[in-house]
Amino acid sequence: MLAFAFRMLLSLACIGAPSEALLLSRGTSNISTSYDYIIVGGGLTGLVVANRLSEDPDVTVLVLEAGEPASQTEAVTVPGLIGHGWDPSYIWNLTTTPQESLDNQTRPYPVGHVLGGATIINGLVMTRGAKADYDAWERLGNEGWAWRDMLPYFIKSETLTLDLDNATLQDYHISPDLTTHGTKGPVEVTYPRFMYNQSLNFLQGAAELGLPLVGDLNSGVSAGAMIVPASISAQNRSRVDSRTAYLGEEVIDRPNLHVATGCVVTKILLDDKGSAEGIAVPEFGHLKRAWGVEFIASSSPILQTVNASKEVLLAAGAVLSPALLQASGIGPAALLQDLGIPVQVNLPGVGQNLQDHGMVSGKYNYTQPGLFSTKNLTGDTLRQVQDEYFLNHTGPWTAPMISTVAFPSLQALFSNDTGSVMLEGIRNSLVESYLPPDTHPFVKKGYSQQRDILLEMLRREDVAALEIMADSIGTLTVSTHHPFSRGSVQITTANPFINGSSLVGSNIQVNPRYCSAQVDCDIMIAGLEFNSKLMNTSALRELMPNPQDPWTIPLPSPLDGSPGLGSESLLQRAVSTSLRTEFHPCGTTSMMPLELGGVVNPRLVVYGTSNLRVVDAGVIPLIPAAHLQAGLYALAERAADLIKEDGCIIKTGTGSRNNSNCSPVTSAPATVATGSSPRRRPPNI
């Protein structure tokens, strides 16, 4: 076992004066000069991979996280307080470019800037998506990433606790397929012990409109309406984030794992020594080797470097990972040359293919006398709810803001053939009409294949086109979940991270291009019209809805028979002014073949490099109809297995595994962790 000079309680301070917010290491606060693996980003995927790699005591791992550890305040840990805001220091305060296909205004675009990443501030929803979502990944050239391959990692990552009484299970149609769920994983998953009565009204209303009530949306079929499980501790009903799941005391106390917060990585350090036995790779010349990273501490303006003897692993998220690649000379050559950055690897897809779920909230304001909702949590009632939560771990505070959702298929949204006509119009249109005019041919080709798969999926009744999230007060938020729009992430200066966290937002251009494919807005409008139908079901009329936004922009109410009922032009205006991110960016370092605009191969190695991987949401080639955290836990678990396997092969030099800590995976092993395939030569970039 490698002897490290110090052990960790929670985190290391970056070189320089330690931050008061940190629990310091035992012995020294300095980072070592070299590690086997350096992980850039201590969010969800970074902590999963750090945990799994450091299981081998002969492997040393460093995690560099720009943010600090979050405080364990009620706003972070209590499910019932979700939606009440978060500490501004927990996010990178990014802003989109003006959205030309909407109202030409910018949108806030926050991403996690805290140890644990977005799992510290998300809504706790644990949805995987449909079997078809992951099978689509395989169809885009990624053998080993279909539903059958991901299911073992979904199971490995979770512990599902089903501790509701039979009456509640039956009333709310909760019936998980236990063969598809884990019982020994780090992430605790359960259902809320407290249900607002409105949830039952919503399910009954959805059933009136013909939506199936799904007992387990995480078993591969998710189209319908259901109660969703959440990442909550079954014991104390508090938030389970990636820190509590993967960075517990027994993990952080490993002498071979160091986690340093307040450290902003500014550049990946590369040389030309990445080709196996000096053999040149036709597409790129010699492969680049990532030999370390450059970083800056929040406590010191001095740039520091640390070496990686095996690999550098990017886990900074779908916005910051492509930005860091570009700043390091890996990305579209034209962009890098314009910024004066030496081109290390010309990869047109870096920062392209940005996908996100845009959302709009319709407010219907339930007014039924005596109805209990989160609006009642004030004064003496709030104090009683607090006492019940902290003394018994029961009551309204055990319920997240969103526990009840629907995922209608395209067929469910339309009572006629409008959906089919819509899809046929997309099929008959030019790919170029959906993308910026300067889009690289590789990226166009990749989008064309994505579009064909989306068109096929959306014709199926078991694949969702839209999500509707229902809270207790009458807010129904709609979100297009299989979008056709594609955006981009680009740096605007050669050194976007050089000033630490303070100016990053102004140095990265995020353009989701919401509704650049008009069909995305059309589906969202259909979702708002579906909401109106829901409010007119007998089940939801009991709650006496009184519609507010987005019809008060101002627009006539769809419930009072006002002129203009169902006017798509009015709803289009509402969508154009109200649409925001659902906080699910992905796709910007896509796992696809190089000639499809891909950035990483199926083993997550960046093309043109030998030992640089991306292990975050950026590698998702096609966004699933789901909240992303469940899928990302599984993705990171699989990534860790791939890294372990390749590390064992390289260690022995023969392809055999003679190390008891080596973990075999289901896909075929690689003889060397390179970013290019020896079996085919892509066309010239």
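In what follows, the structure referred to is the one given above.
Residue indices begin from 1 for each chain and proceed along its sequence in written order. Residues qualify for local features only when their pLDDT is at least 70, as the model is predicted, and side-chain atom pairs are given and counted only at 80 or more; totals for whole chains, interfaces and linings, by contrast, use all residues. Water and hydrogen atoms play no part in the side-chain values, which are based on all heavy atoms of the structure.

1. Digging into the nonpolar core
Residues enter a nonpolar core if they are buried and are Ala, Val, Leu, Ile, Met, Phe, Trp, Tyr or Cys, with the set joined through side-chain atoms within 4.5 Å. Only protein chains enter the accessibility calculation, which uses a 1.4 Å probe; a residue is then buried when its area is under 20% of its type maximum, exposed when over 50%, and partly exposed in between. Residues Leu-64, Leu-347 and Ile-508 are the most contacted members of the largest nonpolar core, which totals 170 residues. Strands are runs of DSSP state E lasting at least two residues, helices are runs of H or I lasting at least four, and both sets are numbered from the N terminus onward. Examining the composition of this core, we find that ten residues originate from one element, helix H16 (residues 518-535), more than from any other. Within the second largest apolar cluster, twelve residues are counted, among which are Val-125, Val-228, Met-359 and Ile-402.

2. A few points about the side chain of Glu-294
For Glu-294, the position within the fold is in strand E13 (residues 289-297). Charge convention: Lys and Arg are scored as positive, Asp and Glu as negative, and His as well as the terminal groups of each chain are ignored. What counts as a salt bridge is simple: a side-chain nitrogen of Lys or Arg found within 4 Å of a carboxyl oxygen of Asp or Glu. There is no salt bridge for the buried Glu-294, and the closest opposite charge comes from Lys-267, which lies 5.0 Å off by N-O distance. Here a polar contact means two N or O atoms within 3.5 Å. Within protein one must be a hydrogen donor candidate and the other an acceptor candidate, and residues neighboring in sequence count only if both atoms are side-chain atoms. There is a polar contact of 2.7 Å between the side chain of Glu-294 and the side chain of Thr-266.

3. A look at the packing of aromatic side chains
Stacked, edge-to-face and tilted are the three classes for Phe, Tyr and Trp ring pairs, Trp counted by its six-membered ring, which pair at centre distances within 6.5 Å; planes under 30 degrees apart are stacked, over 60 edge-to-face, the rest tilted. Throughout the structure, instances matching the rule amount to twelve aromatic pairs. Centre to centre, the rings of Phe-194 and Tyr-196 are 4.9 Å apart; their planes meet at 85 degrees, and the pair counts as edge-to-face. One aromatic cluster in this structure is built from Tyr-134, Trp-137, Trp-147 and Phe-154. For the cation-ring pair, Arg-638 lies above Trp-145, with the distance from its terminal atom to the ring centre recorded as 4.9 Å. Only when the NZ atom of a Lys or the CZ atom of an Arg is both within 6 Å of the ring centre and within 35 degrees of the ring normal do we say a charge sits over the ring.

4. Structural notes on the pairing of strand E3 (residues 61-65)
Here E3 lies mainly inside the structure; five of its five residues are buried. Pairing geometry for strand E2 (residues 34-40) and E3, over four bridges, is parallel. Bridge assignment links Ile-39 to a residue of E3, and that residue is Val-63. Crossover handedness is defined by viewing with both strands directed away from the observer: a clockwise path from the first strand over the helix to the second marks the crossover as right-handed. For the crossover that starts at E2, traverses helix H1 (residues 44-53) and ends in the parallel E3, the hand is right-handed. Here a strand pair is declared whenever DSSP counts at least two bridges between the two strands. Inspection of the sheet shows E3 paired to strand E11 (residues 257-261) by five bridges, in the parallel sense. Bridge pairing links Leu-62 to His-258 in E11.

This is a description of form; function is not addressed.
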